[in-house]
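# Fold and contact review
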Amino acid sequence: VQGAVYTDSADIAAAVKPVRGKPILTADLNGVRARLERLPWVKYVVVQMSFPHTITIQIAERVPVAAYLGTDNKWRAIDGDGRVLVILDGQPVDYPGILGPGPLAVPGDTEPNYGRVAQLVTALPPLLRPMLKVFEMDQAGNLSMSLHISDKGDSRVDLCSAQALDVRQLVALMAFIATKVDPQKAPPA
């Protein structure tokens, strides 16, 4: 098995157990692939048979891009599809947070509205990424974000409902703003 960094080794062992010790010609490689792809961190898997007795598994893992706070006060790290990868006690510092009444999803579940926000995070122009502080989503799914544009404070930008979020239009708008705003001189909005 190659490529697994965050995927639990016990989960991998359980997924491949049905083919261990079995004749290679009867090994259900599609079953192994399907079981592995159900694991939270796994994006896709390539399973190959090498005759006479070896199966090679290459795992490509998902990349966390945001995290949201669930109603249980635990953070759920998500990838760009909104798939919950892991539940954490503290807020991750490597990617932006999404505050609000987040659902109590378990690793492997997909939350589409949070996935749209995660896509926005990955599509932000490079100039604006370091300015992003946090997203907020209310009970109705309305989304806002806070940007640190100047030393005078953060600016809150009300977007729209997460369900109606069109990442391409927002990124085009932000790219336009980034060309017009000098982050050193801009007053808070």
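Our structure's up above, just so we're on the same page.
Residues numbered from 1 in each chain as written. Predicted model: local features only at pLDDT ≥ 70, side-chain atom pairs only at ≥ 80, totals over all residues. Heavy atoms only, no water.

### A look at the nonpolar core
By size, the foremost hydrophobic cluster in this structure holds 28 residues, and its most contacted members are I78, I98, L120 and F135. If you list the elements that add at least two residues to this core, you get β3 (66–70), α3 (112–123), β7 (132–137), β8 (142–150) and α4 (167–180). Of all the elements, α3 adds the most residues to this core, at five residues. Within the second largest apolar cluster, 14 residues are counted, among which are V16, V19, V32 and V42. (Core = buried A, V, L, I, M, F, W, Y, C linked by side-chain atoms within 4.5 Å. Buried < 20%, exposed > 50% of the residue type's maximum accessible area, 1.4 Å probe, protein only. Helix = DSSP H or I, 4+ residues; strand = E, 2+ residues; numbered from the N terminus.)

### A word on the side chain of R83
One can find R83 in the loop between β4 (75–78) and β5 (84–88). Here R83 occupies a buried position and makes no salt bridge, while the nearest side chain of opposite charge, D79, is found at 6.3 Å. Within the structure, the side chain of R83 is placed 3.1 Å from the backbone oxygen of R38, a separation counted as a polar contact. Excluding anything up to four places from it in sequence, R83 contacts E37, R38, L39, P40, V42, R62, A77, I78, G108, D109 and T110. (Lys, Arg positive; Asp, Glu negative; His and termini not counted. Salt bridge = Lys/Arg side-chain N within 4 Å of Asp/Glu carboxyl O. Polar contact = N/O pair within 3.5 Å; in protein donor to acceptor, adjacent residues only side chain to side chain. Contact = heavy atoms within 4.5 Å.)

### Digging into the pairing of strand β9 (residues 153–161)
In terms of strand pairing, β8 meets β9 through seven bridges, oriented antiparallel. Within β9, the position partnered with M145 by the bridge is V157. Remark: two residues form the turn of the hairpin made by β8 and β9, two consecutive strands paired antiparallel. (Pairing = 2+ DSSP bridges.)

### Focus: a nonpolar patch on the surface
Residues L25, M49 and F51 make up a contiguous nonpolar surface patch of roughly 360 Å² in combined accessible area. Structurally, M49 can be placed in strand β1 (residues 42–50). (Patch = residues over 30% accessible without salt bridge, like charges linked within 9 Å, V, L, I, M, F, W, Y side chains within 5 Å. Areas by Shrake-Rupley, 256 points an atom, 1.4 Å probe, with all protein chains shown as cover.)

### Observations concerning unusual backbone geometry
Of note, the amide linkage connecting F51 to P52 takes the cis form, showing an omega dihedral of 20°. Secondary-structure assignment places P52 in the loop between β1 and β2 (54–61). At N73, a residue that is not glycine, the phi angle is positive and equals roughly 65°. Relative to the elements of secondary structure, N73 occurs in the loop between β3 and β4.

### Topic: the packing of helix α1 (residues 9–16) against helix α2 (residues 29–37)
Axis separation between α1 and α2 bottoms out at 8 Å; the angle between their running directions is 155°. By the angle class used here, α1 and α2 are roughly antiparallel. Crossing of α1 over α2 shows right-handed handedness. Of the residues in α2, those in contact with I12, A15 and V16 of α1 are V32, R35 and L36. Class assignment of the residues belonging to the contact of α1 with α2 gives a composition of five nonpolar, no polar and one charged. (Axes fitted to C-alpha atoms, helices over the stretch in contact; angles between N-to-C directions. Parallel < 35°, antiparallel > 145°, perpendicular 65-115°, else oblique. Left-handed = near helix turned anticlockwise from the far one by under 90°. Nonpolar A, V, L, I, M, F, W, Y, C, P; charged D, E, K, R; others polar.)

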